[in-house]
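One-letter residues, chain by chain:
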Amino acid sequence: MADILTLSDSPDRAAQWAHLLPQLELLVQGESDRTANLANLAAALRQAFGFFWIGFYLARPDGSLVLGPFQGTIACTRIPPGRGVCGAALVQRRTLVVPDVERFPGHIACSSASKSEVVVPFFTAEGAPLGVLDADSDRLDGFCAADVAGLERVARLAAGCCAAA
Ligand code: SME
C-alpha cells in the first residue's frame, strides 16, 4: 500500500476525486482486514476533503446498522432497521443525497452541526447488505455531483474490502 496520500491542487472537484480514487484502490490492495481498510478509507477521505463526518455503518443480520470506522465527532452506535438516512438508504438500496437534514423525516441527528448528508449503501455481489458509507457536511447542500459519484466509487471499494474479510 501507499503510505502517503497526495492531494490534487486542481480547483475542480471531479479532478480532485480522479486524483484520489486510484490511491484509495492502492491503499486497500494487499490488506485483507476489513477494519483496517475501512479505517484508512475514512481517514483518506477526511484528509482529502475535510468532511465534517465520514465513515461506515455495518449491516447486522437483523437489518440494523452498527457504527464502523469513521472520522469526526462521536456518533450514534446503533441504527434500527430502516431508520434515519442510513437505514433508509440501505432499505431503498440506493444513494440518498439530503441537502438539508432538517427536511428529511426521521433523520437521526448525531451532531447538531451536521446540515447535509450523503449515504451510499453497499452490498455483496449476491446483493446482501454489507453497510453504508455516510458523509456529513456542516453546510447546507454541502455535496456536489462529483462528491456523490466519488463516494459511490468508495462504497464499491468498501464492499470489496468487506467481501474479502
Ligand atoms: N444522520 C444519520 C445518522 C448517522 S450520523 O450522521 C453520523 C442518519 O440519519 O441515519
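Report on the accompanying structure.

Basis of the calculations
Residues numbered from 1 in each chain as written. Predicted model: local features only at pLDDT ≥ 70, side-chain atom pairs only at ≥ 80, totals over all residues. Heavy atoms only, no water. Buried < 20%, exposed > 50% of the residue type's maximum accessible area, 1.4 Å probe, protein only. Helix = DSSP H or I, 4+ residues; strand = E, 2+ residues; numbered from the N terminus. Pairing = 2+ DSSP bridges. Expected span 1.5 Å × (residues − 1). Polar contact = N/O pair within 3.5 Å; in protein donor to acceptor, adjacent residues only side chain to side chain.

We now examine the pairing of strand β6 (residues 129–137). Burial within β6 is extensive, with eight of its nine residues counted as buried. Bridging between strand β1 (residues 53–59) and β6 involves six bridges; their strand directions are antiparallel. The residue bridging leucine 58 from the neighbouring strand is glycine 131, located in β6. Direction of pairing for strand β5 (residues 116–123) relative to β6: antiparallel, over a ladder of eight bridges. If you follow valine 118 over to β6, its bridge partner there is alanine 135. As consecutive antiparallel partners, β5 and β6 are separated by five residues, and within that stretch glycine 127 has a phi angle of approximately 100 degrees, a positive value.

Another point: helix α2 (residues 34–49). For α2, which comprises 16 residues, the first-to-last C-alpha distance of 22 Å matches the rise-based estimate of 22 Å (1.5 Å per residue) to within 8%. For α2, the N-terminal capping position is held by aspartate 33, with its side-chain oxygen 3.1 Å away from the main-chain nitrogen of threonine 35. Just past α2, the residue glycine 50 takes up positive phi, approximately 65 degrees.

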